[in-house]
Amino acid sequence: MTDNNNNNLFCSIGSPTESISNETLRHEIESFLTSLGGERSDVLIIPPDFTRFHSQAGLITQYISEYYNFTSRREEEVCSDNNDTNGIWNDIGSASNSDMDSNTASKSTSTTIQIIPALGTHAPMSPSQIKQMFGIQLATKIPDPFIKHNWREDVVTIGYVPSKMVTDATYGQVNEAWPAQLNKLVWEKRTQNQQHDRKPPLVISVGQVVPHEVLGMANFNKNLFVGVGGLEAINLSHFIGAVHGMEKLMGRGRNPLREILNYASENYLQDKLDLWYILTVMGTNDVTGNVEMKGLYIGNDIKCYDLACELSLKVNFNLLPRSPKKIVVYLNDEYHSTWLGNKSIYRTRMAIADGGELIVLAPFVDTFGEDNHIDQLIRQVGYVGTPTIMKAMNDNDELKSNLSAVAHLIHGSSEGRFSITYCPGTKLSKEEIESVGFQYADLNAMQKRYDISTLKDGWNTEINENGIEEEFYYISNPALGLWAVPERFEDDESNSTTITSSTTSTDEQKTDITINNQKASDMSGGVGGWKPPPR
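Residues numbered from 1 in each chain as written. Predicted model: local features only at pLDDT ≥ 70, side-chain atom pairs only at ≥ 80, totals over all residues. Heavy atoms only, no water.

Some details on the sheet that holds strand β1 (residues 9–14)
Taken in spatial order, the 6 strands of this open sheet run β1-β10-β9-β6-β2-β3, and their pairing is mixed. The open sheet terminates on both sides in strands that have one partner only, identified here as β1 and β3 (112–115). Going across the sheet, the axis of each strand differs from the next one's by a mean of 20 degrees, ignoring polarity. Relative to strand β10 (residues 291–299), strand β9 (residues 274–284) runs antiparallel, the two being bridged by 8 bridges. Bridge assignment links valine 281 to a residue of β10, and that residue is glycine 295. On the sheet, helix α12 (residues 302–316) packs against β1, β9 and β10 and is oriented at approximately 10 degrees with respect to β9. (Pairing = 2+ DSSP bridges. Helix = DSSP H or I, 4+ residues; strand = E, 2+ residues; numbered from the N terminus. Axes fitted to C-alpha atoms, helices over the stretch in contact; angles between N-to-C directions. Contact = heavy atoms within 4.5 Å.)

See below:
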């Protein structure tokens, strides 16, 4: 339904059985923009990058662009069936440049649209990815509306979240204020910077709400403070998440790290930007298996996020009746690095059995980090368990200044509880895979054994080398959900009080953790998931 009685929540549509068509999506987007008063001279859109291709943020960005006549509306791009996502992109890609030029020339606009994908620490989108996700009109628009976010340089600090909130979230491991950082261009859109006789710039954050390994649930103000945030903020937020414990965050919309971002929103963004959120919840069709939109929420405060979280847990959270001994995950072309591909680990670690095996079919993974510097740190340390990683951080100034890499290494470690077998493309060798702590298997051999064209998401069976039938669980895209068994998803309050406390100052970024008297618990995934052994 469209909620016109709530100034903070314009649209709230969604249920596990919903299938929102592109026609409905376009109508809601256009109705929302009309409710804001129609014309705008300056619009900034912040969608996710290609790693959230299935979010439909690309299509939403096109609809916004077409509403303001920044690009032309072509009826053949609109599919009445939301399940045919690929058909949309094929139609767009097949159009000739001359067709686009003639269509665009027939329309005029006074609106300038800029698009800054929320890369976070990810590599910039390639031209082919932009074309595939956002369509040929925006991909070939001159001047180019797409802006590359540089998380190391293009940011400004707009305020600080009190250190006590960080200390509480990390059980005393870190004691420093969290810097709220934004891309400079976003901050320039502040309403007080504009002439009184003109409408302020419109900032629209678009994205998918889904369980997330760092923030609990993806999107909302994460799109701003992490997606177009800065080095210090991203590093510290990832580290806070790792220290708090991944299992205590994933699938929880409200948690100590999210409250840190919420504090920053309420104190430093509210009334500063004309900022709105368009949030989607995506799921799979029970009959066709295709990805479809289950929920659409549009608003300018946390209510739309809370509603999206509520639906996402119904759609994207898979509570299994028993722990699989083996899980097989396929990574499509959205995943070209273990930095991205380790979603296969994050999203399944609360489901896989002790002593189990995770097999990652990763034909497009050809590197570890999203940039050369992070890649080298991953190669240097490896996914080798929290104690070893934390000791390496204390001994290495580069790791101390790249806490997001430390968090990533912790998140990607099985802590010895299960094995991880990576099957990458041809650019990563057996020696490289094993050097970072994973087991290696040949991709071609494993794809013959696990034929993704015949596997179904969920439970499958195979005949092992001894001729015995074995059960395994298959996941075709780990980005679409979170898998767990009840005993590992329940809160473990004891973990939050058994951590040796120490502090970190702003001047000397050092965390001291006593590792000799600790062992991995079933729910490890960060320092907050560790506890001393019984006396």
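Here's the deal with unusual backbone geometry
Isoleucine 142 connects to proline 143 through a cis peptide bond whose omega is -5 degrees. Inspection of the secondary structure assignment puts proline 143 in the loop between α6 (136–139) and β4 (155–161). Of note in the backbone geometry, phenylalanine 220 takes a positive phi value of approximately 60 degrees without being a glycine.

Details of the sheet that holds strand β16 (residues 458–463)
Taking strand neighbours across the sheet as the criterion, the 6 strands line up as β15-β14-β13-β12-β17-β16 in an open arrangement whose pairing is mixed. In this open sheet, the two edge strands, each paired with only one partner strand, are β15 (439–440) and β16. As judged from the 3 bridges shared by strand β12 (residues 326–330) and strand β17 (residues 469–475), these two strands associate in the parallel manner. Note on β17: the bridge partner recorded for isoleucine 327 is tyrosine 473.

Considering the layout of surface pockets
Counted as a void, the second largest pocket has a volume near 380 Å³. For the second largest pocket, the lining is made up of 17 residues, of which Ser265, Gln270, Asp271, Asn300 and Asp301 are closest to its centre. Counting only elements with at least two residues in the lining of the second largest pocket, the list comes to α11 (256–269) and β9. Looking at the lining of the second largest pocket residue by residue, the classes come out as 7 nonpolar, 6 polar and 4 charged. (1 Å grid on protein atoms, 1.4 Å probe; cavity = no way out; pocket = protein on both sides within 12 Å on 5 of 7 lines; lining within 4 Å. Points joined across faces, edges and corners; volume = space filled by probe spheres on them. Nonpolar A, V, L, I, M, F, W, Y, C, P; charged D, E, K, R; others polar.)

Remarks on the environment of lysine 294
For lysine 294, the position within the fold is in strand β10. Among the polar contacts listed, one links the side chain of lysine 294 to the backbone oxygen of proline 16, at a separation of 3.1 Å. From its side chain, lysine 294 meets the backbone oxygen of glutamate 18 in a polar contact 3.4 Å long. (Polar contact = N/O pair within 3.5 Å; in protein donor to acceptor, adjacent residues only side chain to side chain.)

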